[in-house]
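Geometric and topological summary
Listed below are the residues making up each chain.
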Amino acid sequence: MKKLFFRNLGVTLLCLIIATALSFLFFHFGRGNSANIALIYILALILTALNTQGYLFGIFASLFCVAAVNVFFTYPFFKMDFSLDGYPVTFVGMLAISLITSTTTTRMKKQKAILEERDKKLAEADKERIRANLLRAISHDLRTPLTSIIGSSASFMEDYEELTEEDRLELVSNINEDAHWLLNMVENLLTVTRIQNDSGKVRKSLEVVEEVVGEAINRVRKRHPDLVVNVDMPEDFLMIPMDATLIEQVMINLLENAFLHSGSDAPVNLVIENQEDQVAFHIRDYGIGLDEAQIPYIFEGKYHSDNTDSYRGIGIGLSICKTIITAHDGTICASNHEKGAEFTFILPKEKETEDDA
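Just so we're clear, the structure is a prediction, and the values are computed from it rather than from any experiment.

Turning our eyes to something else, we now look at the sheet that holds strand S7 (residues 340-348). Ordered in space as S2-S4-S5-S7-S6, the 5 strands form an open sheet in which the pairing is mixed. Two strands bound the open sheet, and with one partner strand each, they are strand S2 (229-232) and strand S6 (331-337). For this sheet the average axis-to-axis angle between neighbouring strands, irrespective of direction, equals 15 degrees. The pairing of S6 with S7 spans 7 bridges and is antiparallel. Residue Ala334 lies in a different strand from S7, and its bridge partner there is Phe343. This element, helix H6 (residues 209-223), spans S2, strand S4 (268-274) and strand S5 (278-284) of the sheet and lies at about 165 degrees to S4. Across the sheet, helix H7 (residues 244-261) lies against S2, S4, S5 and S7, angled at about 170 degrees from S7, the strand it touches most.

Moving on: a nonpolar patch on the surface. A contiguous nonpolar patch, built from Leu14, Ile18, Leu22, Leu25 and Phe29 and spanning about 530 Å² of accessible area, is present on the exposed surface. Mapped onto the elements of the fold, Leu14 is located in helix H1 (residues 2-29).

A few words now on H6. Between its first and last C-alpha atoms H6 spans 22 Å; for 15 residues at 1.5 Å apiece the expected length is 21 Å, and the two agree. Among the residues of H6, Val209, Val212, Val213, Ala216, Ile217 and Val220 are the ones counted as buried. Seen end-on, H6 carries its buried residues on one side only, within an arc spanning 130 degrees. Exposed side chains of H6 directed beyond 90 degrees from the buried face belong to Glu210, Glu211 and Lys222.

Attention now goes to the confidence of the model for the protein. Looking at the protein, pLDDT values average 80 and 82% of them are 70 or higher. Overall, residues 352-357 carries pLDDT values under 50, and its contacts beyond four positions in sequence, including any with other chains, amount to 9 contacts.

If you look at the biggest cluster of nonpolar residues, it comprises 46 residues, and the most contacted ones within it are Ile247, Phe281 and Phe345. Counting residues per element, this core draws most heavily on H7, which supplies 9 residues. Each residue touching Phe281, except ones within four places of it in the same chain, is listed here: Val209, Val213, Ile240, Met251, Val271, Ile272, Phe343, Thr344, Phe345 and Leu347. Ranked by size, the runner-up nonpolar core spans 12 residues in total, among them Ile40, Tyr41, Ala44 and Leu45.

What follows deals with the packing of aromatic side chains. Per the counting criterion, the structure on display carries 6 aromatic pairs. On the numbers, 5.5 Å between centres and 80 degrees between planes, the contact of Phe5 with Phe6 is edge-to-face. A residue is classified by how much of its surface remains accessible, and Phe5, at 38% relative accessible area, is partly exposed. Taken together, a centroid distance of 5.6 Å and an interplanar angle of 50 degrees make the contact between Phe5 and Phe57 tilted. Placement of the pair is Phe5 in helix H1 and Phe57 in helix H3 (residues 56-72), with a sequence separation of 52 residues. These aromatic residues form a ring-pair network of at least three members: Phe5, Phe6 and Phe57. Positioned above the aromatic ring of Tyr160 is the side chain of Arg168, whose terminal nitrogen or guanidinium carbon lies 3.9 Å from the ring centre.

Our focus in this paragraph is the packing of H6 against H7. Put simply, H6 and H7 touch, their axes get as near as 9 Å, and they point 50 degrees apart. Classified by the angle between their axes, H6 and H7 sit oblique to one another. As H6 packs across H7, the resulting crossing turns out to be right-handed. Residues Val212, Val213, Glu215, Ala216, Ile217, Arg219, Val220 and Arg223 of H6 form the contact with H7, whose participating residues are Ala244, Ile247, Glu248, Gln249, Met251, Ile252, Leu255 and Glu256. Among the residues making up the contact of H6 with H7, the classes are represented as 10 nonpolar, 1 polar and 5 charged.

Before going further, it helps to examine the pattern of salt bridges. Following the criterion strictly, the structure yields 5 salt bridges and no others. Here Asp329 makes a salt bridge to Lys204, at a shortest N to O gap of 3.9 Å. Linking Asp329 in the loop between helix H8 (315-327) and S6 with Lys204 in the loop between helix H5 (165-192) and strand S1 (205-208), this pair joins segments that are 125 residues apart in sequence. Residue class for Lys204 comes out buried when judged on its relative accessible area of 4%. Residue Glu342 is joined to Arg284 by a salt bridge in which the shortest nitrogen-to-oxygen separation is 3.0 Å. Of the two residues, Glu342 sits in strand S7 while Arg284 sits in strand S5, which places them 58 residues apart along the sequence. Using a relative accessible area of 11% as the deciding quantity, one classes Glu342 as buried. Exposure remark for Arg284: the relative accessible area of 23% places this residue in the partly exposed category.

The rules we used
Residues numbered from 1 in each chain as written. Predicted model: local features only at pLDDT ≥ 70, side-chain atom pairs only at ≥ 80, totals over all residues. Heavy atoms only, no water. Pairing = 2+ DSSP bridges. Helix = DSSP H or I, 4+ residues; strand = E, 2+ residues; numbered from the N terminus. Axes fitted to C-alpha atoms, helices over the stretch in contact; angles between N-to-C directions. Contact = heavy atoms within 4.5 Å. Patch = residues over 30% accessible without salt bridge, like charges linked within 9 Å, V, L, I, M, F, W, Y side chains within 5 Å. Areas by Shrake-Rupley, 256 points an atom, 1.4 Å probe, with all protein chains shown as cover. Salt bridge = Lys/Arg side-chain N within 4 Å of Asp/Glu carboxyl O. Expected span 1.5 Å × (residues − 1). Buried < 20%, exposed > 50% of the residue type's maximum accessible area, 1.4 Å probe, protein only. Arc of directions from axis to C-beta. pLDDT = per-residue confidence, 0-100. Core = buried A, V, L, I, M, F, W, Y, C linked by side-chain atoms within 4.5 Å. Phe/Tyr/Trp six-rings, centres within 6.5 Å; stacked < 30°, edge-to-face > 60°. Lys NZ or Arg CZ within 6 Å of the ring centre and 35° of its normal. Parallel < 35°, antiparallel > 145°, perpendicular 65-115°, else oblique. Left-handed = near helix turned anticlockwise from the far one by under 90°. Nonpolar A, V, L, I, M, F, W, Y, C, P; charged D, E, K, R; others polar.

Dropping the structure here:
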């Protein structure tokens, strides 16, 4: 409180000193034009009201300005004269300007504080909702494959003698498949820990889009050698601020979903659009499409469809994609096109800030 008082006092004195200095210059070179001098002090009043809190400093500045015009710039000079024509009007006018400006700016500051607090609460609520959705998805998507692994391994050990070589191979293959699915899920969850918990933002640096896309495709092809991705991107050399590891994970999730859940062997299309102040990434498959009724909830970690595996749903991966893109100040959406599903995420081209460095 004390610090704020001295700040406001300093701002007020600075405005009045500068206004007085300019007024003396005007008075000296402008042959005593009091109208211009009054305008200078009115400007000082407005600046004081805008940059201080409350009404005290505006009223003080009003009193000083009226007195300064009276003493320094009207005859008899350097002497207070209350008999001047229009003096009460000048005083009331400057006081009114100060009060009106102070009232307006105080209300604006209060409204701004209320809006910032509301936005903060909405952001916190959104983070809590995403966290709850992730926990629900994790509890389902981790429990089921773990149960499958335990069941398959138990069958392998208990019924080893009775099992044919083909049955044994099938059990081991199931264990291997479930283990890889769990590893992929853990990688997804670890990527989220790269997002700063306090601000919900990420540390970004300028990255070459072509390199990030290439790395994501190479990584997903190691898991799924049969995946074919057709890339269509502009010839422009694109660099945008991002956390490359996180954006790679988003592309991997979307490409893998297109491969596993589209119900089609057709190649997946990755189309990149260089727009004026953003870059759009479209991942299109040519399969069964999405359940239209569940598209509004698809990024909340609870998407389920009869067309997907019983536990290899796409909810948790898409929820993580949403978290990552939101942390990059971007947007992500899902839709159906004529021959399948399409996911689009957009990253802004904004300049790096100190927080992103």
